[in-house]
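Letter by letter, the chains look like this.
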Amino acid sequence: MNRYYLTTPIYYVNDKPHIGHAYTTVAADVLARYRRSLGEDVFFLTGVDEHGQKVEKAAALRGVSPQAHCDEMAPRFQALWTRLGIAHDAFLRTTDRAHKDYVREALARLHREGLIEPRDFEGWYCTPCERFWTEKDLGEGKACPDCGRPVDLLAERNYFFLMSRYAGAIRDALASGRLEILPVYRRNEVLGFLDRGLEDLCISRPRRRMGWGIPLPFDEEYVTYVWFDALLNYASGPRYLAAGGPERWPADVHLIGKDILTTHAVYWPAMLMALGLPLPRRIVAHGWWTFGGAKMSKSLGNVVDPGEVLSLYVPEGGERPSREALRWFLMAEVGFGNDGTFSLEALERRWTADLANDVGNLASRVVSLAHRVLGGDIPLVHDPSDDEAMAAYATAMDGLAFARAAEAIVGRARALNALLQARKPWENPPDAAEVLGRAASGLRAIAWMLSPFCPESARLLANALGLAESPGRPDAGIVERVRVGTLDPLFPRPPAIAARLASAQAGAGESKTGGKAGGVSVTKKEKAVMTQQGSGNMAAATTVAGPAEMPDSGDGGPPVVTIEDVKKLGLRVAVVTAAERVPKTERLLKLQVDLGTETRTLVAGLATAYAPEELVGRRVVVVANLQPATIRGIESRGMVLCAVDGAVTALLAPSSEVAAGSEVR
Ligand code: MSP
């Protein structure tokens with residue numbers, strides 16, 4: 001059985017977990033569940049990073065010992081992971097005895113081999129990041145390159161790991177793809193970093209200055225902390241927390257945020273090379289979530305607590321719908337690697353569109369039609385489109401392109417909804433077995449594809465189709481017919497909390513404990529979220545699924561979209577072959593258009609601007625992948641694009657005679 005080992009970063013316990021931590025962990029969980037669904041023996045490791053100055057300070061502020069602080073914080077992370085449906089195999093704490101022993105063994109060995117040595121040293125130190133920087137790393141303003149805060153010049157004797165000697169070998173590993181970095185442009189960033197010259201790495205702190213670390217085995221006056229301690233969790237974890245033990249190493253993939261790429265793609269390979277261990281196969285760096293237009297930070301008061309978000313949407317059926325909608329949103333909204341803006345509005349939008357309207361609606365239609373038309377028994381009909389969707393999905397999942405995988409799921413659901421709409425099995429019983437057979441077969445594929453993202457809902461869906469407990473890849477076993485059971489709404493629509501909060505916020509201020517704000521009733525929980533966001537407006541922030549640099553439109557116009565969003569629109573040139581008025585309407589025309597490969601009927605609101613005969617032979621631009629709609633009894637499959645200037649409506653058209661079906665981009 002193929003083994004698969006994946007990790008998340010281990011999170012600092014100086015504060016409670018937030019949506020950024022949840023993001024990496026949900027992504028890892030989705031990947032782990034996907035690999036398990038392929039029958040692999042998965043080991044998914046996550047945990048917490050408990051040593052170092054940040055934690056020491058947080059404990060001191062609360063007047064408790066660092067260990068007591070960690071003992072309180074670690075369960076908070078675990079509790080949140082349970083609430084988010086995370087099925088990790090192990091949870092590592094860097095204060096675990098076995099981890100500390102492993103770190104001390106590694107240190108002793110590198111010291112024995114002359115790869116760690118003491119040096120008198122002067123450097124620029126960033127206290128919040130717990131890192132020394134060289135003169136060359138700092139910009140004009142003597143600020144930390146990572147967090148931008150001021151750095152202090154510090155002189156002391158410390159121990160150094162002779163990392164610089166591995167620069168060439170790391171470069172080779174990256175250039176050859178032996179260690180793969182995704183997205184690819186991040187690899188180039190790391191290569192650029194190496195080109196600027198790699199220095200040795202300070203790995204100790206004098207105990208008198210910072211005591212909360214692991215004592216060096218060869219000099220107990222010093223401790224090692226943060227990176228040397230933390231990175232080794234990936235190798236120590238499997239030894240004492242996994243069934244396969246040390247043989248689990250190397251990791252197949254480390255999932256991390258872009259903020260910690262250098263430590264993972266440079267320090268960590270150097271440490272592994274020095275220890276004679278193989279390198280991980282892949283490192284994937286995702287982007288950052290911002291909130292209310294700013295990077296989340298405690299001082300800005302715009303840190304999103306995923307637990308509070310779940311609590312806001314008190315759903316039917318317990319927390320499953322909101323938990324799974326949040327997981328879905330995080331994965332589907334933004335391409336892994338890009339930055340995104342978190343907002344309740346965007347969460348609700350995606351929940352409604354993808355889960356309630358596309359997947360949920362399809363599931364309930366098929367289940368109820370199966371009973372109504374076929375007595376609950378559906379002979380499955382194989383449709384090659386399912387294989388295509390599953391292949392696209394698998395390629396995306398293998399490349400950790402979660403948003404693309406999600407797109408394959410909703411794309412299939414939309415196509416099947418369109419099939420039902422077009423063939424109307426409720427009106428046409430002789431055709432019903434074929435149509436519902438295809439739809440049920442598609443739903444089986446959807447249940448499998450959905451299972452890593454929304455595991456409980458996928459299970460309910462599979463059960464409603466009379467299939468096994470946890471949906472496996474459908475082509476793994478042959479099922480000829482399914483006996484359909486019952487299904488409560490898979491994804492009830494979310495309550496419109498974003499809109500309520502936005503209007504409450506507009507006139508807010510008065511109530512501290514719930515009650516009325518701006519004329520809108522707000523619950524205590526909602527009030528807490530409004531307060532927590534401070535100026536970052538959780539409800540009103542729009543979604544930016546793109547690079548960090550991309551601004552919001554900011555003018556109250558439509559939200560900024562990425563090129564990926566634009567690509568979702570199937571814009572095509574079509575030639576109008578016939579046009580006639582829709583009876584008893586003033587505005588509507590029924591058009592036949594030639595799309596190159598097919599002829600379509602669509603209904604367009606053009607009658608006040610164009611006579612039908614004027615249109616025949618014209619080239620127009622249509623949205624060809626629009627969900628079909630029935631308008632005045634006519635099924636319209638597409639939309640004609642026009643410019644609208646007050647009362648003037650003008651058709652958009654290509655400026656030369658391109659072929660029908662040409663792509664518009
Ligand atoms: N303890 C180190 C990691 C050691 S790994 C050997 C650390 N911890 S952290 O608590 O700061 O968490 C870092 C990780 O949390 C990031 O790499 C990223 O995975 C995630 N995120 C934290 N804030 C985030 C956002 N605002 N958005 C997305 N993810 C972010 O660094």
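For the structure, check the block above.
A quick note: this is a predicted structure, and the numbers were derived from the prediction, not measured.

Quick notes on the rules
- Residues numbered from 1 in each chain as written.
- Predicted model: local features only at pLDDT ≥ 70, side-chain atom pairs only at ≥ 80, totals over all residues.
- Heavy atoms only, no water.
- Helix = DSSP H or I, 4+ residues; strand = E, 2+ residues; numbered from the N terminus.
- Buried < 20%, exposed > 50% of the residue type's maximum accessible area, 1.4 Å probe, protein only.
- Contact = heavy atoms within 4.5 Å.
- Areas by Shrake-Rupley, 256 points an atom, 1.4 Å probe, with all protein chains shown as cover.
- Pairing = 2+ DSSP bridges.
- Expected span 1.5 Å × (residues − 1).
- Axes fitted to C-alpha atoms, helices over the stretch in contact; angles between N-to-C directions.
- Parallel < 35°, antiparallel > 145°, perpendicular 65-115°, else oblique.
- Left-handed = near helix turned anticlockwise from the far one by under 90°.
- Near = heavy atom within 4 Å.
- Polar contact = N/O pair within 3.5 Å; in protein donor to acceptor, adjacent residues only side chain to side chain.
- Nonpolar A, V, L, I, M, F, W, Y, C, P; charged D, E, K, R; others polar.

Here we look at the overall build of the protein chain
Looking only at helices and strands, one finds 20 helices and 29 strands in the protein chain. A burial count over the protein chain gives 52% of its 665 residues as buried. Once local pairs closer than 6 in sequence are excluded, the contacts in the protein chain between residues at least 24 apart make up 71%. For the protein chain, the accessible area works out to roughly 27,900 Å², and carbon and sulfur atoms hold 52% of it.

Section: the sheet that holds strand β24 (residues 619-623)
An order of β23-β22-β21-β24-β27 is seen for the five strands of this open sheet, with the pairing classed as antiparallel. What marks the edges here is a single partner per strand, and that holds for β23 (599-604) and β27 (639-640). Direction of pairing for strand β21 (residues 571-581) relative to strand β22 (residues 589-594): antiparallel, over a ladder of six bridges. The residue of β22 that forms the bridge with Arg581 is Leu589.

Considerations on unusual backbone geometry
Omega for the bond connecting Leu182 with Pro183 falls within 30 degrees of zero, at -10°, which places this linkage in the cis form. Here Pro183 is to be found in the loop between β7 (180-182) and α6 (184-195). Cis rather than trans, the peptide bond between Trp249 and Pro250 has omega equal to 5°. Mapping Pro250 onto the fold places it in the loop between α8 (233-241) and β12 (253-257). Not every positive phi belongs to a glycine, and Leu400 is a case in point at roughly 55°. Counting through the fold element by element, Leu400 comes out in the loop between α13 (384-398) and α14 (402-423). According to the relative accessible area criterion, Leu400 is buried, its value standing at 3%. The backbone of Lys424 shows a phi angle near 40°, a positive value even though the residue is not glycine. Inspection of the secondary structure assignment puts Lys424 in the loop between α14 and α15 (429-450).

Concerning helix α11 (residues 320-333)
Because each turn of an α-helix spans 3.6 residues, side chains separated by three or four positions end up pointing in the same direction. Under the 1.5 Å per step criterion, the end-to-end length of α11 is 19 Å for 14 residues, consistent within 8% with the ideal 20 Å. Most of α11 sits out of view: 14 of its 14 residues are buried.

What about the pairing of strand β3 (residues 90-93)?
Neither face of β3 is exposed, since Ala90 and Leu92 on one face and Phe91 and Arg93 on the opposite face are all buried. When strand β2 (residues 41-49) meets β3, the two strands line up parallel, connected through four bridges. Residue Leu45 lies in a different strand from β3, and its bridge partner there is Ala90.

Some thoughts on the packing of α15 against helix α16 (residues 455-464)
Each pair of packed helices can be described by the angle between their axes along with the distance between the axes. At a minimum axis distance of 8 Å, the contact between α15 and α16 shows a crossing angle of 155°. Here α15 is positioned roughly antiparallel relative to α16, judged by the angle of their axes. Between α15 and α16 lies a crossing whose hand is left-handed. Each of Leu443, Ile446, Ala447 and Leu450 in α15 lies in contact with α16, whose residues at this interface are Pro455, Ala458, Leu461 and Ala462.

Notes on the site of the ligand
Neighbouring the ligand are 24 residues; Ile10, Tyr12, Thr24, Asp49 and Trp289 lie closest to it. In this structure, a nitrogen atom belonging to the ligand sits 2.8 Å away from a main-chain N or O atom of Ile10. Thr24 places a side-chain nitrogen or oxygen 2.7 Å from an oxygen atom of the ligand. For the ligand, whose accessible area on its own is 670 Å², the fraction buried by protein is 95%. For the shell around the ligand, the elements supplying multiple residues, two or more each, are β1 (3-12), α1 (19-37), α7 (226-231), α8 and β12. Considering each element in turn, the shell around the ligand owes the most residues, four residues, to β1. Tallied by class, residues from the shell around the ligand come to 13 nonpolar, nine polar and two charged.

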